[in-house]
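Secondary and tertiary structure notes
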Amino acid sequence: MGNPVALGLWNNPIFPRAFDVLALPSKAITPFVRRELSSLPPRSRVLDAGIGTGLVARSLSQKGFSVTGVDISKDSLDIARARVPDADLLTGSILDIPAPRSYFDATVALYVLRYVDVSDGARAAAELRRVTRPGGKVLVGDLALPSLRPGAARLAGPDRYALGVWSDREGFRRAMEREGFDLSSVHYPFLSFLWVFA
């Protein structure tokens, strides 16, 4: 799954802690995620696919959602476990989420699809569809380098800085549409972008 160099860094026990130091984009995207999910009732089941160290999941848990987090990094899950003690944390991949069909009311996948090889983009989209209930939202986002900032139209084109699935953003958007999702909104928090599929 994904770029072996990037995955090697993420699985290094030091990297998750260093990630928290550089977490301004995660902190900036959190209010947008909360706003997009504000119509969900308390105790709604929300999946954080690629939970990392739990920065966004903590905010969702504080909002009253029942949070499940999935990540391939044991070190990241250890940090997330301390940060979000009420969350159900599982080892797993966005390509094989350990959850039943239509289990989650909403799914969030932030800063994770860069680790998924572009050839697995359709598989990731299918897995997000499988675990999210019909009518549920799926929020996906990642870093937006300055070349991506001008607007949604730029996100559709090729970008030499993009990693993983994002090197073919238009292909991933089409894969999500084939799974029955429509891109309902796009946000640009600090150094990031957030696509909302419904």
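If you're wondering where the values come from, they're calculated on a predicted model, not measured in any experiment. (Residues numbered from 1 in each chain as written. Predicted model: local features only at pLDDT ≥ 70, side-chain atom pairs only at ≥ 80, totals over all residues. Heavy atoms only, no water.)

Considerations on the environment of serine 66
Short version of the rule: Only runs of H or I of at least four residues qualify as helices and only runs of E of at least two qualify as strands under DSSP, and these elements are numbered from the N terminus. The rule is simple: take the accessible area with a 1.4 Å probe, protein chains only, and divide by the maximum for that residue type; under 20% is buried, over 50% is exposed, in between is partly exposed. What makes two residues a contact is simply this: any of their non-hydrogen atoms within 4.5 Å.
Note that serine 66 resides in strand 2 (residues 66–71). Using a relative accessible area of 23% as the deciding quantity, one classes serine 66 as partly exposed. Counting along the chain gives 24 residues from serine 66 to proline 42, while the straight-line C-alpha distance between them is 8.0 Å. The contact partners of serine 66, leaving out residues within four places of it in the chain, are Arg43, Ser44, Arg45 and Val46.

Some thoughts on the pattern of salt bridges
Basically, it comes down to this: In what follows, salt bridge is the name for a side-chain nitrogen of Lys or Arg lying within 4 Å of a carboxyl oxygen of Asp or Glu.
Taken as a whole and judged by the stated rule, the model has nine salt bridges. Here glutamate 36 ties to lysine 137 by a salt bridge, and the two come within 2.9 Å at their closest N and O atoms. Linking glutamate 36 in helix 3 (residues 24–36) with lysine 137 in strand 5 (residues 132–143), this pair joins segments that are 101 residues apart in sequence. Residue classification places lysine 137 among the partly exposed positions, given a relative accessible area of 22%. Linking arginine 130 and glutamate 127 is a salt bridge whose minimum nitrogen-to-oxygen distance equals 2.8 Å. Here glutamate 127 and arginine 130 lie together in helix 6 (residues 121–131), a separation of three residues that amounts to about one turn. With respect to class, arginine 130 is no different from glutamate 127; both count as buried. One network of salt bridges, with partners in common, ties together Glu170, Arg173, Arg174 and Glu177.

Re helix 8 (residues 169–178)
Three or more residues of helix 8 are buried, namely Arg169, Gly171, Phe172, Arg173, Ala175 and Met176. Within two residues after helix 8, glycine 180 carries a phi angle of roughly 100°, on the positive side.

Focus on helix 5 (residues 74–83)
For clarity, the threshold we go by: This arc describes the spread of directions from the helix axis toward the C-beta atoms.
Residues of helix 5 that are buried include every one of Ser76, Leu77, Ile79 and Ala80, and no others. Down the axis of helix 5, the buried set is contained in an arc of 160°. They therefore lie on one face. Exposed residues on helix 5 whose side chains face more than 90 degrees from its buried face are Lys74 and Ala82.

Describing the pairing of strand 7 (residues 192–197)
A regular strand places its side chains on the two faces of the sheet in alternate fashion. Using the following cut-off: Pairing between strands is defined by DSSP: at least two bridges between them are needed.
Burial analysis of strand 7 places six of its six residues in the buried class, which makes it a mostly covered element. Where strand 5 meets strand 7, six bridges bridge the pair, whose relative direction is antiparallel. Residue pairing across strands places leucine 143 opposite serine 192, the latter belonging to strand 7. Here strand 6 (residues 183–187) hands over to strand 7 after four residues, with leucine 191 in that stretch at a positive phi of 55°.

Things to note about the nonpolar core
Convention followed: Here, nonpolar core means buried Ala, Val, Leu, Ile, Met, Phe, Trp, Tyr and Cys residues that are tied together by side-chain atoms lying within 4.5 Å of each other.
Within the largest apolar cluster, 28 residues are counted, with the highest numbers of intra-cluster contacts made by Ile94, Ile97, Leu113, Leu128, Val140, Phe172 and Met176. When residues of this core are traced back to their parent elements, those giving at least two are strand 1 (45–49), strand 4 (104–110), helix 6, strand 5, helix 8 and strand 7. The greatest single-element share of this core, amounting to four residues, is contributed by helix 6. Every residue in contact with leucine 128, bar those within four places of it in the chain, is listed here: Ile94, Ile97, Thr107, Val138, Val140, Phe172 and Met176. Ile51, Leu60, Val67 and Val108 belong to the second-largest nonpolar core, a separate cluster that totals 23 residues.

Remarks on a nonpolar patch on the surface
Note the following rule: Patch definition: residues above 30% relative accessible area lacking any salt bridge, with like charges linked at up to 9 Å and the nonpolar side chains Val, Leu, Ile, Met, Phe, Trp and Tyr linked at up to 5 Å. Using a 1.4 Å probe, the Shrake-Rupley method yields the accessible areas, and only the shown protein chains count as cover for residues.
Together, Leu143, Phe190 and Leu191 give the surface a local cluster of nonpolar side chains, amounting to about 250 Å² of exposed area. Taking the relative accessible area as the measure of exposure, leucine 143 reaches 35% and is therefore partly exposed.

Notes on the packing of aromatic side chains
To describe a pair of aromatic rings, you give the distance between the ring centres and the angle between the ring planes. As a reminder of what qualifies: Between the rings of Phe, Tyr and Trp (Trp by its six-membered ring), a pair exists once the centres lie within 6.5 Å; its type follows the angle of the planes, with under 30 degrees stacked, over 60 edge-to-face, and the other angles tilted. Cation placement over rings: the criterion is NZ of Lys or CZ of Arg within 6 Å of the ring centroid and within 35° of the ring normal.
Throughout the structure, instances matching the rule amount to seven aromatic pairs. Measuring from ring centre to ring centre gives 4.9 Å for tyrosine 103 and phenylalanine 104, while their planes differ by 85°; the resulting arrangement is edge-to-face. On the accessibility criterion, phenylalanine 104 (1% relative accessible area) is buried. Pairing tryptophan 166 with tryptophan 195 gives two aromatic rings, centres 5.4 Å apart and planes at 90°, and the pair type is edge-to-face. Of the two residues, tryptophan 166 is situated in the loop between helix 7 (152–156) and helix 8 and tryptophan 195 in strand 7; the sequence distance between them amounts to 29 residues. Each member of the pair, tryptophan 166 together with tryptophan 195, is buried. A network of ring pairs unites the aromatic residues Trp166, Phe172, Phe181, Phe193, Trp195 and Phe197 as a single cluster. The ring centre of tyrosine 103 lies 4.1 Å from the NZ or CZ of arginine 45, which sits over that ring.

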